[in-house]
Amino acid sequence: FGSREPIPTAAPLGRRAAVAAAMSFWGAKVAPGQAAKVDVPAGEMLHLSQACLDPAAASGASARVMVEQKGTSFAVAVLKEGGQECCALDLFLDLKEATLKVVGTAAVHLTGYFESGDMDEEEDEDEAPAKAKASPKVEAKSSPKAEVKATPKTSPKVEAKKVEAKKVEEEEDDED
């Protein structure tokens, strides 16, 4: 019956393409006692996704990934060769205010991606047209049949007595 046309999917694919274009991979190998050197593109933030010990780390080597902000250091990953060698992270860092450092005896590979600092604003813009399309006439109506009526609750002592009475009744029936 004629040609079949594909279902339009431009909106979801367009959104994914916009998000993918707004992100770019970042990685750094940071030696013990050193800070990560990061060139942050203007208007973007670093999303730190993972920290892994260098595969060439010596047996038993360890490292801590630290974020230093306003003079205070915070451990975000503690890694040990032969133990936890990798740590998934979900940190958004403004590297104008924070520094990534490695402390310990092993180098660490840090990976993540840059994301536009105004992603929240872009998401709000995408959601606004969808909300405008919703019909104000559609409202949930309650049905008298759907109403739940509260039943009086009995105390645990009353319930226990009912169970005991039922057992006695069953035993009497068994004797007959």
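Residues numbered from 1 in each chain as written. Predicted model: local features only at pLDDT ≥ 70, side-chain atom pairs only at ≥ 80, totals over all residues. Heavy atoms only, no water.

Colleague: Help me out: how do you make sense of empty space enclosed by the protein in this one?
Modeller: By rolling a water-sized probe across the atoms, one finds the places where empty space is left. With the rule as written, the count across this model stands at 1 cavity of 30 Å³ or more. Looking at the largest cavity, the residues that line it are Val40, Glu44, Met45, Leu46, Leu93, Asp94, Leu95 and Lys96. Counting residues per element, the lining of the largest cavity draws most heavily on strand β2 (residues 44-53), at 3 residues. Among the residues making up the lining of the largest cavity, the classes are represented as 5 nonpolar, no polar and 3 charged. (1 Å grid on protein atoms, 1.4 Å probe; cavity = no way out; pocket = protein on both sides within 12 Å on 5 of 7 lines; lining within 4 Å. Points joined across faces, edges and corners; volume = space filled by probe spheres on them. Helix = DSSP H or I, 4+ residues; strand = E, 2+ residues; numbered from the N terminus. Nonpolar A, V, L, I, M, F, W, Y, C, P; charged D, E, K, R; others polar.)

Colleague: What's the story with the sheet that holds strand β4 (residues 72-80) in this structure? I'm lost.
Modeller: What links the strands of a sheet is backbone hydrogen bonding, and the strands pair in either a parallel or an antiparallel sense. If you trace the 3 strands from one edge of the open sheet to the other, you get β4-β3-β6, paired in antiparallel fashion. Single-partner strands in this sheet number two, and they are β4 and β6 (98-104). For this sheet, the mean angle separating the axes of adjacent strands, direction not counted, is 20°. As paired elements, strand β3 (residues 62-69) and β4 share 8 bridges and run antiparallel to each other. Across the sheet, residue glutamate 68 finds its bridge partner in β4, namely serine 73. (Pairing = 2+ DSSP bridges. Axes fitted to C-alpha atoms, helices over the stretch in contact; angles between N-to-C directions.)

Colleague: In this structure, what is going on with the pattern of salt bridges? I would like to understand it.
Modeller: As a working rule, side chains carrying opposite charge can pair if their charged atoms are close by. Evaluation of the coordinates by the stated rule reveals 2 salt bridges. A salt bridge links lysine 29 to aspartate 54; the nearest nitrogen and oxygen atoms lie 2.8 Å apart. With a gap of 25 residues between them, lysine 29 in strand β1 (residues 23-30) and aspartate 54 in the loop between β2 and β3 connect regions that are remote in the sequence. Lysine 101 serves as the salt-bridge partner of glutamate 68, at 3.2 Å between the closest nitrogen and oxygen. Of the two residues, glutamate 68 is situated in strand β3 and lysine 101 in strand β6; the sequence distance between them amounts to 33 residues. Judged by relative accessible area, which is 32%, lysine 101 ranks as partly exposed. (Salt bridge = Lys/Arg side-chain N within 4 Å of Asp/Glu carboxyl O. Buried < 20%, exposed > 50% of the residue type's maximum accessible area, 1.4 Å probe, protein only.)

Colleague: What's the story with the confidence of the model for the chain in this structure? I'm lost.
Modeller: Detailed reading of predicted coordinates is not advised where the pLDDT is low. On average, residues of the chain score 75 in pLDDT, and 57% of them reach the 70 mark or higher. Within the chain, the lowest mean pLDDT, 46, falls on helix α1 (residues 10-21), and the highest, 97, falls on β4. The low-confidence segment residues 1-19, where pLDDT is below 50, has 3 contacts with residues more than four positions distant or belonging to other chains. Predicted confidence is poor over residues 138-143, with pLDDT under 50, and the contacts of this stretch with residues over four places away or in other chains come to 0 contacts. (pLDDT = per-residue confidence, 0-100. Contact = heavy atoms within 4.5 Å.)

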